[in-house]
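# Coordinate inspection notes
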Amino acid sequence: MADVDTVIYLRQSQDRTGDELGVTRQREDTRKLCELRGWRVVAEYVDNDTSAAGKRQRPGFEAVLAAVQEGRAACVVAWDMTRLTRNARDRLRLLELGKRQGLTVAFVRGTDLDLSTPAGRLTADILGSVAQHEIEQKSDRQKRAALQAAEQGRRIGGRRPFGYEADGVTIREPEAAAIRDAYEAVLAGVPLGRVAADWNARGLTTPQAKRDGSPSPWSAQTVRPVLLNPRYAGLRAHVTEALRESMNPRAARLKAIVGPAAWEGLVTEETWRAAVELLTDPSRLTGPRGGRGLLTGVAQCGVCGATVHRGAAPARRGREGHATYRCRAALGHVGRAAEPVEEYVAEVVIARLERPDAALLLADDNRPDAGQLRREARALRVRLDSLAGLLADGVLTEAGVRRESAKLRAKLAEVEAAQADAGRVNVLGPLVGAEDVRAAWEGLDTDRQRVVIETLMTVTLLPPGRGTRTFRPESVVIDWTA
């Protein structure tokens, strides 16, 4: 069967270095086979760094089928069957096309198969089934190894995590310091966008570069998954296939913590859980996500109770415009000049924090014991893991395991919630007891100042009254909450 129009198909599943050495070896061997047989190579199709086991479409393989369908090739040459197809869907498409078109498939490591004959199709189907079986066996081994590694707290590879070196264990201190500062900032009410800006200002970039190879800066969207990652609390998560299919990957990772990790965390578990609670529950966000005004999203309208926002009043009759606070709900409710209101509220805050009894604001006799909570959470996870063994030994029935698992998970949820409470930072700490409270206040950014105000008081802005041109303190109502 000489002088046959032939297409060559080359594929390797992984090419970590991008040098295509595996494809190059296949190319040399397949072309040598075609030369020995006297076959005419009309095209070569390549799927580099592409698995043949999954559902993702392979452009090179699709091009091979198109060439055969259009009559441009009567023979396909590959290194072996595992390079050509390793899933039932693609194998069936190849067999049906081979039967219609009278296709011959030849392998460097294997025999020629005439797919126009029942025997050829049977052999191809058997070889393909063996290849698929090997994949499934390999997948089972990998899943079991991944579970074992997770239970032991070990890392099994992947992209370099921010804050650590490529081994995922050795701490990269400049990045680790930025992460620690970010947790503190988020718990103090700083928006993620400001955290991203801080990391960019430090010259830090994400571990994954852009497609063109250039450094990728941080944004609120990329900072968020970093802070939600349990690895930074020294915890190991293992997301099973069932869990991944039931929820989005980030939520699954939060639900899939199996125990302590082999590497050192960057913050305490309490700090991490407190940040997770804030970042995943919009109703618990402290302060607004943005806004330049000190009282934006903090002060209330004295007419309807909606929050106010800062904007610019238009210039009129030769007078320059100025910043104002207005009700978000209705234009005619409250309109106040921003500067005198902000100055008054700031002075009230400073005066409160300069009082001799300001230290009482930090007292928290009900704060839970973080160490005890960690030990309790670890014990509950161990008990959950032991349920499978009790079922296998016949100590518990399936119904008993379900009941016990529900009890343990409910208790674990309570402990984790208490850990989040224990991890919250006290936003007043840098101010109470400071030698110069005013300097400490002025040293805070606007986001942190807003959180301090929310912690201490509720601010309500009343309409100033028709024709009023001077600031009246009684038009700013302050109700102390701390």
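Description of the structure in this document. (Residues numbered from 1 in each chain as written. Predicted model: local features only at pLDDT ≥ 70, side-chain atom pairs only at ≥ 80, totals over all residues. Heavy atoms only, no water.)

### Some points on the packing of aromatic side chains
Summed over the entire model, instances satisfying the criterion amount to 6 aromatic pairs. Here Y164 and Y232 contribute two aromatic rings whose centre-to-centre distance is 6.1 Å and whose plane-to-plane angle is 35°, an arrangement assigned as tilted. In this pair, Y164 sits in the loop between α5 (118-151) and α6 (173-187) while Y232 sits in the loop between α8 (220-228) and β6 (235-237), placing the two residues 68 residues apart along the sequence. Each member of the pair, Y164 together with Y232, is buried. Arranged with centres 4.9 Å apart and planes meeting at 80°, the rings of W199 and W218 form a pair that is edge-to-face. In this pair, W199 is assigned in helix α7 (residues 192-201) and W218 in the loop between α7 and α8, connecting sequence segments 19 residues apart. Comparing W199 with W218, the two get one shared label, buried. Ring pairing ties together the aromatic residues F162, W199 and W218, which thus form one cluster. Over the ring of F61 we find R58, and its NZ or CZ is 4.2 Å from the ring centre. (Phe/Tyr/Trp six-rings, centres within 6.5 Å; stacked < 30°, edge-to-face > 60°. Helix = DSSP H or I, 4+ residues; strand = E, 2+ residues; numbered from the N terminus. Buried < 20%, exposed > 50% of the residue type's maximum accessible area, 1.4 Å probe, protein only. Lys NZ or Arg CZ within 6 Å of the ring centre and 35° of its normal.)

### Thoughts on the pattern of salt bridges
Pairs can form between side chains of opposite charge once their charged atoms are near each other. With the rule as written, the count across this model stands at 27 salt bridges. A salt bridge links E70 to R72; the shortest N-O distance between them is 2.8 Å. Note on E70: relative accessible area 54%, which makes it exposed. Classification of R72 by relative accessible area gives partly exposed; the value is 38%. Notably, a salt bridge pairs E342 with R310, separated by 2.7 Å at the nearest N-O pair. With E342 in helix α12 (residues 338-353) and R310 in strand β9 (residues 308-312), the pair connects residues that are 32 residues apart, well separated along the chain. Taking relative accessible area as the criterion, R310 reaches 37% and is therefore assigned partly exposed. (Salt bridge = Lys/Arg side-chain N within 4 Å of Asp/Glu carboxyl O.)

### Here we look at the pairing of strand β4 (residues 104-107)
Residues T104 and A106 of β4 are buried on one face, and the alternating residues V105 and F107, pointing to the opposite face, are buried as well. Looking at chain direction, strand β3 (residues 75-78) and β4 are connected through 4 bridges and run parallel. Each bridged residue has a counterpart across the sheet, and for C75 the counterpart in β4 is T104. Alignment of β4 against strand β5 (residues 113-114), held across 2 bridges, turns out to be antiparallel. By the bridge assignment, T104 is partnered in β5 with D114. (Pairing = 2+ DSSP bridges.)

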